[in-house]
Amino acid sequence: ALALAWRDVDFQRGIVRIRASKTGTVRHLPLAGDPVGDVAPRFLDLLRAWRDTDPARETVLPRNGESGPAFTRAWARVAKAARVDVGPQGCRRTFESALACVGVPHMLSAFWQGHTPAVAARHYLAFAPGRLPGRTVEDALGLAPFLERAIERARAGRAFRLVGSETA
């Protein structure tokens, strides 16, 4: 996510191209308009709103010149500020489980994440007792209200802080 470039977001088709830093492989994650259903259409709307606020920037998230291990440190800073103890693997587990909750076939979600179904099942698929009813991952994780506020703020040209106060 920290290295995602705007050239990797296909707004027309609703697909994000993800370049794996470890293996160099490319995956395509449909956010909206996939035959299996919409995965994260509000997130696609948020990306569109962010793009409109700064069309000259090459990356989705500001990088401040950081690269390599600095991305790992950036993750640690955000997690600490948000007072959460979750790493990238925990996010993958949550995403895989949320996809299962909204009916995305396990083999397809494993493919989207760049894993074999066996690896995804062994390491990432988990029971999600706190899931909410809904048709998208955003609904299942309770992210819809957060994303709606973030979209409104982006369209108004106001920053949305991921951690701390939203009023800034």
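A brief report on the enclosed structure follows. Just so we're clear, the structure is a prediction, and the values are computed from it rather than from any experiment.

Here the focus is the overall build of the protein. Per the secondary structure count, the protein includes seven helices and three strands. Each helix (α) and strand (β) of the protein, taken in turn from the N terminus, gives the series β-β-β-α-α-α-α-α-α-α. For the protein, buried positions account for 31% of its 168 residues. Counting only contacts in the protein whose residues sit at least 6 apart along the sequence, the fraction spanning at least 24 positions is 51%. If you sum the accessible surface of the protein, you get close to 10400 Å²; carbon and sulfur atoms cover 57% of it.

Where helix α3 (residues 88-101) contacts helix α4 (residues 106-113), the two axes come as close as 9 Å, and the packing angle between them is 150°. Crossing hand, α3 versus α4: right-handed. Here α3 contributes Arg 92, Phe 95, Glu 96 and Leu 99 to the contact with α4, which in turn contributes His 106, Ser 109, Ala 110, Trp 112 and Gln 113. A breakdown of the residues in the contact of α3 with α4 according to their chemical character gives four nonpolar, three polar and two charged.

In a packed pair of helices, the relevant descriptors are the angle between the two axes and the axis-to-axis distance. Contact geometry of helix α1 (residues 41-53) with helix α7 (residues 144-155) gives a least axis separation of 9 Å together with a crossing angle of 20°. Taken together, the axes of α1 and α7 lie roughly parallel to each other. With respect to the hand of their crossing, α1 and α7 are arranged in left-handed fashion. Contacts between α1 and α7 involve Arg 42, Phe 43, Asp 45, Leu 46, Ala 49, Trp 50 and Thr 53 from the former and Ala 144, Leu 147, Glu 148, Ala 150, Ile 151, Ala 154 and Arg 155 from the latter. Per-class residue counts for the contact of α1 with α7 are nine nonpolar, one polar and four charged.

This brings us to the environment of Ala 32. Among the secondary structure elements, Ala 32 is positioned in the loop between β3 (26-30) and α1. Residue class for Ala 32 comes out buried when judged on its relative accessible area of 16%. Along the sequence, Ala 32 and Leu 44 sit twelve residues apart, while their C-alpha atoms lie 7.4 Å from each other. With residues near it in sequence (within four places) discarded, Ala 32 still touches Arg 13, Gly 14, Asp 38, Pro 41 and Leu 44.

The strand order across the open sheet formed by three strands is β1-β2-β3, and the pairing between neighbours is antiparallel. The open sheet has two edge strands, β1 (9-10) and β3, and neither has a second partner. Note that β1 and strand β2 (residues 15-19) share two bridges and pair antiparallel. Paired with Val 9 across the two strands is Val 16, which belongs to β2.

Procedures and definitions
Residues numbered from 1 in each chain as written. Predicted model: local features only at pLDDT ≥ 70, side-chain atom pairs only at ≥ 80, totals over all residues. Heavy atoms only, no water. Helix = DSSP H or I, 4+ residues; strand = E, 2+ residues; numbered from the N terminus. Buried < 20%, exposed > 50% of the residue type's maximum accessible area, 1.4 Å probe, protein only. Contact = heavy atoms within 4.5 Å. Areas by Shrake-Rupley, 256 points an atom, 1.4 Å probe, with all protein chains shown as cover. Axes fitted to C-alpha atoms, helices over the stretch in contact; angles between N-to-C directions. Left-handed = near helix turned anticlockwise from the far one by under 90°. Nonpolar A, V, L, I, M, F, W, Y, C, P; charged D, E, K, R; others polar. Parallel < 35°, antiparallel > 145°, perpendicular 65-115°, else oblique. Pairing = 2+ DSSP bridges.

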